[in-house]
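# Examination of the molecular architecture
The chain contents come next:
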Amino acid sequence: MPERVVVIGADAAGMSAAHQALREGRRRGRAVDVVVVERTQDTSYSACGLPYWVAGDVADDATLVARTAEQHRAAGIDLRMATVATAIDLDQRVVTVRPAADSGLAGPAQDGTETDLGFDSLVLATGARPKTPPWALTSDGSWVPGVRAVKTLDDGRAWLSLLDGQGSGAVRTNRAIRKAVVVGGGYIGIEMAEAFVRRGLSTTLVTIREVMGTLEPELGRLIHAGLEAAGVEVVCSGKADGLDVGDDGWVTGVRAGSRVIPGDVVALGLGAEPATELAAAAGLPLGAAGGLLPDPRQEVAPGVWGAGDCCESIARIGGYRIFVPLGTHANKQGRVAGTNLAGGNAVFEGVLGTAITRFVAGGQHIEIARTGPTLAQAQDADTGLGAEVVSLLTQSTTASGYMPQAHPIAVLVLADRATRRLLGVQLVGGPGTGKRIDTAASALWCQASVDDVAAMDLSYAPPFSPVWDPVQIACRRMADSLGR
Ligand SMILES: Cc1cc2nc3c(=O)[nH]c(=O)nc-3n(C[C@H](O)[C@H](O)[C@H](O)COP(=O)(O)OP(=O)(O)OC[C@H]3O[C@@H](n4cnc5c(N)ncnc54)[C@H](O)[C@@H]3O)c2cc1C
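Residues numbered from 1 in each chain as written. Predicted model: local features only at pLDDT ≥ 70, side-chain atom pairs only at ≥ 80, totals over all residues. Heavy atoms only, no water.

What surrounds the ligand is a group of 30 residues, the closest being D11, E38, K151, D309 and L326. A distance of 3.0 Å is found between a nitrogen atom of the ligand and a backbone nitrogen or oxygen belonging to R39. Backbone polar atom of T328 to an oxygen atom of the ligand: 3.4 Å apart, as the coordinates give it. Summarising the interface, the protein chains cover 86% of the accessible area of the ligand, which totals 1000 Å² for the free molecule. Counting residues per element, the ones that place at least two in the shell around the ligand are α1 (12–27), β4 (83–89) and α8 (327–341). Looking at the shell around the ligand residue by residue, the classes come out as 17 nonpolar, eight polar and five charged. (Near = heavy atom within 4 Å. Polar contact = N/O pair within 3.5 Å; in protein donor to acceptor, adjacent residues only side chain to side chain. Areas by Shrake-Rupley, 256 points an atom, 1.4 Å probe, with all protein chains shown as cover. Helix = DSSP H or I, 4+ residues; strand = E, 2+ residues; numbered from the N terminus. Nonpolar A, V, L, I, M, F, W, Y, C, P; charged D, E, K, R; others polar.)

Right, dumping it as structure tokens:
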């Protein structure tokens, strides 16, 4: 009898686990049957590409799909689309599934016959859902017309329908869309602001605090200034707490305290929360952020594995639990889970919090990246770092100052005063800034000191870098400031 692996969720984490389980099983001569259930009609798509689809860089939804359902099936996976898992019985080793009546945001499936799928191993890869305030939904749980998050391919289709009546989404309109409001100033908020400005919409971004709250405020202020230079109105002290709607129910504005910010469409970028109700109902423990708590082999209970956005990860620096819902981790964690459940031995080595985005619109080109804990995280006793953290902001250029490719770059370095260890790097600047974060992330990964980074043999030629790379200059200055 082959072992039965059931995977819940057929996107990045789930399909990585499914394919890896097959590969590892084959390698070890173990007969493994992999069944994947997916609530929606979409599999293995790049949510990361959605803002660029809305902006006009991507031809269609199919272009965002890395592997189709047919390709997964051809590889030997029993992939059951539009099938929702409704219960897990860990004692009986059974998942209950039924056809999904609704693939949207709200509400469980309402019809269809339930069947039980027995498993030897179970992978939970149910992902995360966008945080959605109650005011964004109507009383029947659907989106207020004109309002939407950005998470699924259905969201992308709906956005194209909202904006110009194209796409295959359910929401079609001939109304003129001139003003967009983005609620939330994080990665998705910035990316949607870029999309709206590039589409010629008058755009307002509303945040409670400074934009990009995962960076230090001095870097957030640089991004803020760049957004304003591109014509985006940035409302930085506003907690959006309601909507104004017209007689036809369509949104006309976002309320933030005493202000009403007019908008024909509203994009929500308020962060994500792990989709773990099913796991919780099965009795699996959850962490402070509501995510599953896998061990480094991604196991959450004997024979039960978790991967991707439904999980909290372990911070590589400090070892504390942290919720970082990113595709990079989902793919790696899925691979680790798939390897281990088929008898292999793999470990997920933790997260640094490395992330990158950009705002390129309205004559501005801003690249934004970070790695390592923020100042607050590094100083927080609960993170276990307890470091005496020093931070230093250095302004430099992305190429030799005399070259036309030279653009300003701001590099913020965090280091531990006692050990001189590099703790974090944050970057904001022009073209050529963003991917420099990988130098910093590599250094952090290897527990380098600021002196190590200052001494590294990095590349230089005038069109690419000053003779000292900007990350290196910042670390050298930090080393100097710490004394010898
Ligand atoms: C707009 C946007 C931009 C992003 N940009 C980046 C980026 O630039 N870089 C980066 O690293 N990451 C980015 N991400 C994050 C990245 O997309 C996610 O981390 C990744 O998709 C997580 O994959 P996952 O498989 O864990 O979860 P998901 O992609 O959420 O997939 C989970 C799947 O499980 C299914 N499911 C849930 N419950 C059930 C159930 N009970 N039964 C059946 N099926 C179920 C869901 O329908 C879903 O298809 C971005 C995300 C968004 C939304």
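Let us keep going from here.
Moving on: the environment of G319. If you trace the backbone, G319 turns up in the loop between β20 (313–314) and β21 (321–322). With relative accessibility at 48%, the residue G319 sits in the partly exposed group. Separated by 177 residues in sequence, G319 and S142 have C-alpha atoms that sit 40 Å apart. (Buried < 20%, exposed > 50% of the residue type's maximum accessible area, 1.4 Å probe, protein only.)

Position of T433 among the secondary structure elements: in the loop between β26 (422–429) and α10 (437–445). Residue classification places T433 among the buried positions, given a relative accessible area of 0%. Setting aside its immediate chain neighbours within four residues, T433 contacts E367, T398, P408, I409, L427 and V428. (Contact = heavy atoms within 4.5 Å.)

Here we come to helix α6 (residues 217–229). With 13 residues, α6 extends 18 Å between its outermost C-alpha atoms, agreeing within 8% with the 18 Å of an ideal straight helix rising 1.5 Å per residue. Residues of α6 that are buried: L219, G220, I223, H224, G226 and L227. Looking straight down α6, one finds that the buried residues subtend no more than 165° of arc, so they occupy a single side. A positive backbone phi angle near 95° is found at G231, which sits one or two residues after α6. (Expected span 1.5 Å × (residues − 1). Arc of directions from axis to C-beta.)

So, about the sheet that holds strand β6 (residues 115–118). Read from one edge of the open sheet, three strands run β4-β5-β6, paired in antiparallel fashion. Each end of this open sheet is capped by a strand with a single partner; those strands are β4 and β6. This sheet shows a mean twist of 35° between the axes of neighbouring strands, independent of strand direction. Note: β4 against strand β5 (residues 94–99), six bridges, orientation antiparallel. Along β5, the bridge assignment pairs T83 with P99. (Pairing = 2+ DSSP bridges. Axes fitted to C-alpha atoms, helices over the stretch in contact; angles between N-to-C directions.)

Here we take up the pattern of salt bridges. Counting across every chain of the model gives 22 salt bridges. In this structure, the salt-bridge partner of D42 is R157, at a minimum N-O distance of 3.1 Å. In this pair, D42 is assigned in the loop between β2 (32–37) and α2 (50–55) and R157 in helix α4 (residues 153–164), connecting sequence segments 115 residues apart. With a relative accessible area of 13%, D42 lands in the buried category. For R157, a relative accessible area of 11% gives the class buried. Between R199 and D164 there is a salt bridge, with the nearest N and O atoms lying 2.7 Å from each other. (Salt bridge = Lys/Arg side-chain N within 4 Å of Asp/Glu carboxyl O.)

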